[in-house]
Amino acid sequence: MLTLSFMTIEDILKSDIQKAITTHFDISLDDILLQPTKKEFEGFYTFVTFSLTKATRKSPAEIGQTIGSYLVENSPVVGGFNVVQGFLNISLKDSTWLELFNDIFSDQAFGTFAANGQSVMVEFSSPNTNKPLHLGHLRNNFLGDSLSRILKASGFDVVKTCLVNDRGIHICKSMLAYRELGNGETPETSGMKGDHLAGKYYVIFDIEYKKQIAALIEQGMSEEEAAKKAPWILEAQTLLQLWEKGDEGTVALWQKMNGWVYAGFSETYQKIGVSFDKTYYESNTYLLGKDIIEEGLNSGVFFKKPDNSVWINLSEEGLDEKLVLRGDGTSVYITQDLGTTELKNDDFHNDRYLWVVGNEQDYHFKVLFAILKRLGRTYADGCYHISYGMVDLPSGKMKSREGTVVDADDLVAQMVQTATDRTRDLGKIDDFDGDEAKLLYNQLAMGALKYYLLKVDPKKRMLFNPEESIDFQGHTGPFIQYTYARIRSIARKAEQAGILATIPAPEYVLKGAERELIFTLSQYPSKVADAAREFAPSLISQYAFELAKVYNQFYAEVSIFSDPDQDAVRLRVALSAAVAETIRKALGLLGIEVPERM
RNA sequence: GGUCCGGUAGCUCAGCUGGAUAGAGCAACUGCCUUCUAAGCAGUAGGUCAUGUGUUCGAAUCACAUCCGGAUCACCA
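Residues numbered from 1 in each chain as written. Chains lettered and ligands numbered in written order. Predicted model: local features only at pLDDT ≥ 70, side-chain atom pairs only at ≥ 80, totals over all residues. Heavy atoms only, no water.

1. Comments concerning the overall build of chain A
Here comes step 1: Tallying secondary structure elements over chain A gives 22 helices and 14 strands in all.
Here comes step 2: In terms of its C-alpha atoms, chain A occupies a principal-axis envelope of roughly 90 × 65 × 40 Å.
Here comes step 3: The buried share among the 598 residues of chain A stands at 52%.
Here comes step 4: Contacts in chain A between residues at least 24 apart in sequence constitute 74% of all its contacts with a sequence separation of at least 6. (Helix = DSSP H or I, 4+ residues; strand = E, 2+ residues; numbered from the N terminus. Buried < 20%, exposed > 50% of the residue type's maximum accessible area, 1.4 Å probe, protein only. Contact = heavy atoms within 4.5 Å.)

Spelled out as structure tokens, the structure:
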């Protein structure tokens, strides 16, 4: 008796094909490639024979016939085959499918890989404390969160970190506007969430600043000069200096406003189900990195220009000369990032470091990683920029100053409202109490939103049209959640009727829909591995949708309980349970919860 | 201008380690609920895969060029 496992069925096929080729043609291939058989043909695995024509001097169809016949006679798993031109379509024996399903069904940890001894840090979210989160941040947060879950499932030890940008000129801008025009307003007196309140003053700063520039231009100043000499920008710079000196009043204002913002952020994070193991604050790390500059100067990696500024020449890497420290000895972005990366490595000693940051910073990360390599940092090879595309509106890029941003809190609230309306219209949960209903609305709202943002390849920019609400039907999170809820209903009924989920004897003849389900289920672990390798939660999204679709076809095609064959009933209950469990796991990797009923 | 990313159905997206008549969802149109949840299923219609050339038995997929869109090339972060 041969023991199968979901991981090896393709390997067995490949090895048997290899044997067939060696036996009949006396050649051997480095790698046998199998592809899933197209729906319109019979079979599940397809081997393409065109590439063998030269070596064998036989026609593609003849090669297919030869290998197919060999497999049917010699492979313990192959049940049949057909050849269409150069395509050898292979079917498995039903006993093989059942054995395969037995492995899946009895494996609690199906799709979860054993610890691989590697650790990885995922840094994501990284908000500024001068404005609330928007749709772009949501994509970042969901990607980072999902990636963390996927890496964990594939065997990594994962540390989730967030680097909060809580200092700098932009923070001083909202502080200044608040100090001048705030009238002591607080989240309590205004009824606004703290992050929104801070954001309001950031916008006010910009409005006032623009007025001042206009006034100076009126007086005959050039635009460039006016932008530098407007009273508020000078005042904001003064505020930044005061902050850096630790001026009591300035620091107190900074702490007060940041406190409001953090309260607002934590409310949002909780709502969207995102958390971190460690949060770094730029106010603590912005001075780091200068010792690394010193080190690099000594080792000749960096060089000084006459004005005392420090540079690195990265033309060998196809990059430019890059400033790493200003002439006055103050840091630039890359200085801080060098220091923070070193700090992260000192703190955690991970094997890999990921940064989930928009693709507008592609160049920055190329430079950062190149410098780390030049400095001989061994961890440099484990650094990856998870570059994702912007979320654009039909009108183009979101711009906070032009008021075209889609606010995260607003969007979430809107999704909850839509979920509530939809659910009430359908009237399926009229017996739910208030809390149960609320939980469901949130699950559905977040399911729809997260799925919407995670179904697209992270690297690509995507379009969001605020005029069209995010769907709850079709290729969506709720569709998959619905499939889960449907199966839970089946499971409850089975339990009531005392029907046990069991797998029939090898003689059982499977229905097409049942085979289709087992095949789709069997793909799950490799999808998890692919998603982890490619840093692409979208692969899990696509898979979850595919699985739900295949189940719904099965559900429509066969009757689970009314089949006279009790073996069939018990198998279908088992299949349903395995699908539900796999959906739950797959959606879990996307940070999406599943409802028992909906 | 240099570099990078993208251009697939009316819309939003898969497919891109080369392989069968290019796939989903939405929108449109047809059917299917007195049997397990119709947030579902089945079907119809919709495509010169931006354009051109090349490589190959075979190209949406690879190479080169062109056009279009975006990002970046800051002593901003």
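2. Comments concerning the protein's contact with RNA strand B
Here comes step 1: Neighbouring residues of RNA strand B: 60 residues in total, closest F87, R326, K428, Y482 and R486.
Here comes step 2: Counting only the atoms of RNA strand B within 4 Å of the protein, the fraction contributed by sugar and phosphate is 61%.
Here comes step 3: K38 places a side-chain nitrogen or oxygen 3.1 Å from a phosphate oxygen of RNA strand B.
Here comes step 4: Interatomic distance of 2.7 Å between a backbone N/O atom of L463 and a phosphate oxygen of RNA strand B.
Here comes step 5: Sorting the residues of the surface near RNA strand B by element identifies β2 (45-48), β4 (87-92), α16 (408-426), β14 (462-463), α18 (477-496) and α21 (537-557) as the ones contributing at least two each.
Here comes step 6: A breakdown of the residues in the surface near RNA strand B according to their chemical character gives 26 nonpolar, 17 polar and 17 charged. (Near = heavy atom within 4 Å. Polar contact = N/O pair within 3.5 Å; in protein donor to acceptor, adjacent residues only side chain to side chain. Nonpolar A, V, L, I, M, F, W, Y, C, P; charged D, E, K, R; others polar.)

3. So, the pattern of salt bridges
Here comes step 1: The full count for this structure, using the stated rule, is 30 salt bridges.
Here comes step 2: R179 is the partner of E180 in a salt bridge, and the nearest nitrogen-oxygen pair spans 3.0 Å.
Here comes step 3: For E342, the salt bridge is made with R377, and the minimal N-O distance between the two is 2.8 Å. You can see E342 sitting in helix α14 (residues 333-348) and its partner R377 sitting in the loop between α15 (362-374) and β12 (383-388), a full 35 residues away along the chain. With respect to class, E342 is no different from R377; both count as buried. (Salt bridge = Lys/Arg side-chain N within 4 Å of Asp/Glu carboxyl O.)

4. Focus: the sheet that holds strand β6 (residues 157-164)
Here comes step 1: With respect to topology, five strands assemble into an open sheet ordered β7-β6-β5-β11-β12, the strand pairing being parallel. Single-partner strands in this sheet number two, and they are β7 (278-281) and β12. Averaged over all adjacent pairs, the angle separating strand axes in this sheet is 25°, with direction ignored.
Here comes step 2: Its contacts with the sheet put α14 on β5 (119-123), β6, β7 and β11 (352-358), and the angle it makes with β7 is roughly 150°.
Here comes step 3: The sheet strands contacting α15 are β11 and β12, and the helix crosses β12 at an angle near 180°. (Pairing = 2+ DSSP bridges. Axes fitted to C-alpha atoms, helices over the stretch in contact; angles between N-to-C directions.)

5. A word on the sheet that holds β2
Here comes step 1: Taken together, the four strands give an open sheet; going across it, the order is β1-β2-β4-β3, and neighbouring strands pair in antiparallel fashion. In this open sheet, the two strands that pair with only one neighbour each are β1 (34-36) and β3 (78-84). Averaged over all adjacent pairs, the angle separating strand axes in this sheet is 30°, with direction ignored.
Here comes step 2: Here four bridges tie β2 to β4, and the two strands are oriented antiparallel to one another. For Y45, the partnering residue across the bridge sits in β4 and is I90.

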